[in-house]
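# Results of the structural survey
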Amino acid sequence: MGTPLDDAALDRIFRAARTHNAFIDAPVTDEQLRAIYDLMKFGPTSANCSPARIVFVRSRHAKERLRPALSAGNLEKTMAAPVTAIIAYDLEFYEKLPQLFPHNPDAINWFKGNPAMIQSTAFRNSSLQGAYLIIAARALGLDCGPMSGFDNARVDAEFFPDGKIKSNFLCNLGVGDPSKLLPRSPRLSFEQACSLL
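Residue numbers restart at each chain and count upward from 1, following the sequence in its written direction. Only residues with pLDDT of 70 or above have their local features reported here, since the model is predicted, and side-chain atom pairs are shown and tallied only from 80 upward, although totals for entire chains, interfaces and linings are computed over all residues. Excluded from the side-chain calculations are hydrogens and water; all other atoms, namely the structure's heavy atoms, are used.

## Topic: the environment of T121
Going by this rule: A run of DSSP states H or I qualifies as a helix once it reaches four residues; a run of E qualifies as a strand once it reaches two. Both are numbered from the N-terminal end. Between buried and exposed lies partly exposed: a residue is buried under 20% and exposed over 50% of the maximum accessible area for its type, with that area taken using a 1.4 Å probe on protein chains only. Only heavy atoms enter the contact rule, under which two residues are in contact if any of them lie within 4.5 Å. For the purposes of these results, a polar contact is taken to be a pair of N or O atoms within 3.5 Å, where, inside protein, one atom must be able to donate a hydrogen and its partner to accept one; residues adjacent in sequence count only when each atom of the pair is a side-chain atom.
Position of T121 relative to the elements: it lies in helix α6 (residues 115–139). When its relative accessible area of 6% is taken as the criterion, T121 is described as buried. Expressed as a C-alpha distance, the spacing of T121 and A9, which sit 112 residues apart in the sequence, is 31 Å. Apart from the residues lying within four places of it in its own chain, the contact partners of T121 are C49, P51, F93 and F111. From its side chain, T121 meets the backbone oxygen of M117 in a polar contact 2.8 Å long.

What follows is the structure, given as structure tokens:
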């Protein structure tokens, strides 16, 4: 059994971490974004399928492309965030299984011609990978503002026009402004959410 992380690390990743709606004026570098990906890529996915595809929207021009798809409640904070990650999924992820799951050459055939299995596997595992992105970003010193509240079809048409990649959710990234945090919302207790059988 490994050694548990210390309380400071657990606080940073979970207990004291918050969803940020505002960020201070501090850049997020290419090196930080690469470091986030290079950490999150090690999180587990089904058959190592790794369907997530991420677009880091940073430039003013790219943000303007995103603007029409944002709900009113997410517009201002997203336009002001240093980076908005579009966490998406590749509907042809299985084509990379010979590279990613080489000990089973037949794995690609689990998905070919099975659109329902492709969709459910891609969506589920890209959701996991999006959560790994949040954990990686927090572990590396950034704050996150994950959200729904956007028009997936408009994002897909603008950023993924070939139809092979679909958006899952958005996540703003940067150094959060603690003065703009709302009070923390409650969480369910163990007894409310879990069963021991």
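Next, the rest of the story.
## Examining unusual backbone geometry
Here N48, not a glycine, exhibits a phi torsion of approximately 55°, which is positive. Relative accessible area serves as the criterion here: at 32%, N48 is assigned to the partly exposed category. One non-glycine residue with positive phi stands out, namely S50, at about 45°. Tracing the sequence through the fold places S50 in the loop between α2 (30–40) and β1 (52–57).

## Some details on the environment of A52
Along the chain, the position of A52 falls in strand β1. Taking the relative accessible area as the measure of exposure, A52 reaches 10% and is therefore buried. Beyond its immediate chain neighbours, meaning those up to four positions away, A52 contacts A88, Y89, S126 and Q129.

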